[in-house]
Amino acid sequence: MQLDQAQFEQGLVVEVEIDSLVVEGSPRSTGEDQDHIQALVEVRAPLPPVLVHRRTMRVIDGVHRLRAAQLRGDDKIAVAYFDGSESDAFVLAVESNITHGLPLSMADRKRAASRIITSHPQWSDRMIASATGLSPGTVSEIRRRAAGDTLVEGSRIGQDGRVRPVNSAAGRELAGKLIRENPGLSLRQIARAARISPETARDVRNRIHRGEDPLPKPRARVRPQPKAPAEDTGRGRAVAAEQPIGSARIAARAAAVDRLKSDPALRFSETGRMLLRLLNLHTLTGAEWQAIIDSVPPHCTSVVADLAHACAGVWGEVAVRMEHQTVRHG
């Protein structure tokens, strides 16, 4: 969620009377989890401060911590204040409850997305998806089904705070032109100039490298037949030129993954080991990937290509959320 840092006290934590806090408007429809509260009661280490909307004194994040403090007989609790609007406070409550503590259910996330679509109609599907822990496709479907949908024609605000057109056709065309004329431009430079997301810029660049149009075409269109390997094509030269860079990047990724493997926080948790297994897949060499590509039957290539694009999008979302958490906790 892109919130002005001025909306938070600059790292200031204060103690307030528990009786002064309001508990209502939670995105959690099932109410409080008594087992989770009891588990927090037994924690000896200090718990993180409760996040509170200053104007209403409503608890944004930390109701279970508040209940645990009450059971311990505490009169006061540590609080960090948020000074934004009530609608932004709700978004923050949702976001906080998908990144730590007791996670929101899928039904609660969808209900939250529907509410955010109404309160923040200019936010992009990706931005709402990042706040609610849903996929952009799910948010898009909720937006289409929402009663009294208040779509903002022409543009939406993305996760980086930039305004981009809902229909990115013009941006894709401009990005394609920039990539052809200035192949050395970074994805962020292309995205900024064409007013599209970096992920869309990546897709445009990949399409151009494959000899395709920057704009996705209907699936029904006839795909060009692959050329004979012996033929010297521009695409072949481009791929050959990228191989040394690809090798260097693979080596850097492998080194980074090796460092992560030595971290006990990842090695000794199930989710950490799952992450390491996923990351390890991306340390394969170019030759190993090519062997995998060559083994895919012709009738499966289209499906595999679509899945590869979808997976790239998922990793893009993971990167955005991790960068956001780095900023939040940095």
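Asker: Please explain the overall build of the protein as it appears in this structure.
Answerer: A tally of helices and strands in the protein yields 14 helices and six strands. A total of 330 residues make up the protein; the buried ones form 31% of that total. For the protein, the share of sequence-separated contacts (at least 6 apart) that also reach a separation of at least 24 residues comes to 67%. When the accessible surface of the protein is totalled, it reaches about 20000 Å², and 57% of it is carbon and sulfur.

Asker: Mind showing me how you'd approach unusual backbone geometry here?
Answerer: As a rule of thumb, non-glycine residues mostly have phi less than zero, and peptide bonds are mostly trans rather than cis. With a phi angle near 60°, methionine 57 is a residue other than glycine that sits in the positive phi range. Along the chain, the position of methionine 57 falls in the loop between β2 (50–53) and β3 (58–61).

Asker: Whenever I open this one, the sheet that holds strand β1 (residues 14–17) confuses me. Can you help?
Answerer: Sheet strands line up and pair through hydrogen bonds in the backbone, either parallel or antiparallel. Taken in spatial order, the four strands of this open sheet run β1-β4-β2-β3, and their pairing is mixed. Both edges of this open sheet fall to β1 and β3, since each of them pairs with a single strand only. Shown here is a sheet whose adjacent strand axes are inclined to one another by a mean of 55°, direction ignored. Running at roughly 120° to β3, helix α2 (residues 63–71) makes contact with β2, β3 and β4 (76–82) of the sheet.

Asker: Please clarify how the pairing of β4 should be interpreted in this entry.
Answerer: If a strand is regular, its side chains alternate between the two faces of the sheet. When you tally the buried positions in β4, you get five out of seven residues, the bulk of the element. Two strands pair when backbone bridges link them, and β2 and β4 are joined in this way by four bridges, in the parallel orientation. Bridging from a neighbouring strand, valine 50 pairs with valine 79 of β4.

Asker: What is the right way to look at the nonpolar core in this model?
Answerer: A general trend in soluble globular proteins is that nonpolar side chains are found buried together. Counting residues in hydrophobic clusters, the biggest one holds 16 residues, and the most contacted among them are Ile116, Trp123, Ile128 and Val139. Contributing elements (two or more residues each) for this core: α3 (86–99), α4 (106–119), α5 (125–132) and α6 (136–145). Core analysis: the next-biggest nonpolar cluster, separate from the first, contains 13 residues, Val16, Ile18, Met57 and Val79 among them.

Asker: Explain the environment of valine 320 here, please?
Answerer: Looking at where valine 320 falls in the secondary structure, it is placed in helix α14 (residues 301–329). Here valine 320 falls in the partly exposed class, since its relative accessible area comes to 27%. For the pair formed by valine 320 and serine 130, sequence separation is 190 residues and the distance between their alpha carbons is 8.1 Å.

Asker: Teacher, can you tell me more about the pattern of salt bridges here?
Answerer: Pairing between side chains of opposite charge can happen when the charged atoms of each approach one another. All chains considered together, the criterion is met by 14 salt bridges. Between arginine 55 and glutamate 86 there is a salt bridge, with the nearest N and O atoms lying 3.1 Å from each other. Within this pair, whereas arginine 55 is found in the loop between β2 and β3, its partner glutamate 86 is found in helix α3, the two being separated by 31 residues in sequence. Arginine 55 sits in the exposed class, given a relative accessible area of 62%. Across the salt bridge formed by glutamate 141 and arginine 145, the nearest N and O atoms sit 3.6 Å from each other. You can see glutamate 141 and its partner arginine 145 sitting in helix α6, four residues apart, about one turn around the helix. For glutamate 141, a relative accessible area of 30% gives the class partly exposed. Classification of arginine 145 by relative accessible area gives exposed; the value is 56%.

Asker: In this structure, what is going on with the packing of aromatic side chains? I would like to understand it.
Answerer: Two measures describe an aromatic ring pair: the distance that separates the ring centres and the angle between the ring planes. For the coordinates displayed, the defined rule picks out zero aromatic pairs. The residue whose ring lies beneath arginine 54 is tyrosine 81, and the NZ or CZ to ring-centre distance is 4.4 Å.

Asker: Before we go on, may I ask you to explain the environment of arginine 126 in this structure?
Answerer: Looking at the secondary structure, you find arginine 126 in helix α5. Along the sequence, arginine 126 and threonine 138 sit twelve residues apart, while their C-alpha atoms lie 9.9 Å from each other.

Asker: Whenever I open this one, α2 confuses me. Can you help?
Answerer: Quick reminder: α-helices carry 3.6 residues per turn. Residues three or four places apart thus point the same way. Among all positions in α2, only Val63, His64, Arg65, Leu66, Ala68 and Ala69 are buried. Contacts from the buried residues of α2 go to α1 (34–41), β2, β3 and β4. Backbone geometry just downstream of α2 places glycine 73 in the positive-phi region, at approximately 85°.

Calculation rules
Residues numbered from 1 in each chain as written. Predicted model: local features only at pLDDT ≥ 70, side-chain atom pairs only at ≥ 80, totals over all residues. Heavy atoms only, no water. Helix = DSSP H or I, 4+ residues; strand = E, 2+ residues; numbered from the N terminus. Buried < 20%, exposed > 50% of the residue type's maximum accessible area, 1.4 Å probe, protein only. Contact = heavy atoms within 4.5 Å. Areas by Shrake-Rupley, 256 points an atom, 1.4 Å probe, with all protein chains shown as cover. Pairing = 2+ DSSP bridges. Axes fitted to C-alpha atoms, helices over the stretch in contact; angles between N-to-C directions. Core = buried A, V, L, I, M, F, W, Y, C linked by side-chain atoms within 4.5 Å. Salt bridge = Lys/Arg side-chain N within 4 Å of Asp/Glu carboxyl O. Phe/Tyr/Trp six-rings, centres within 6.5 Å; stacked < 30°, edge-to-face > 60°. Lys NZ or Arg CZ within 6 Å of the ring centre and 35° of its normal.

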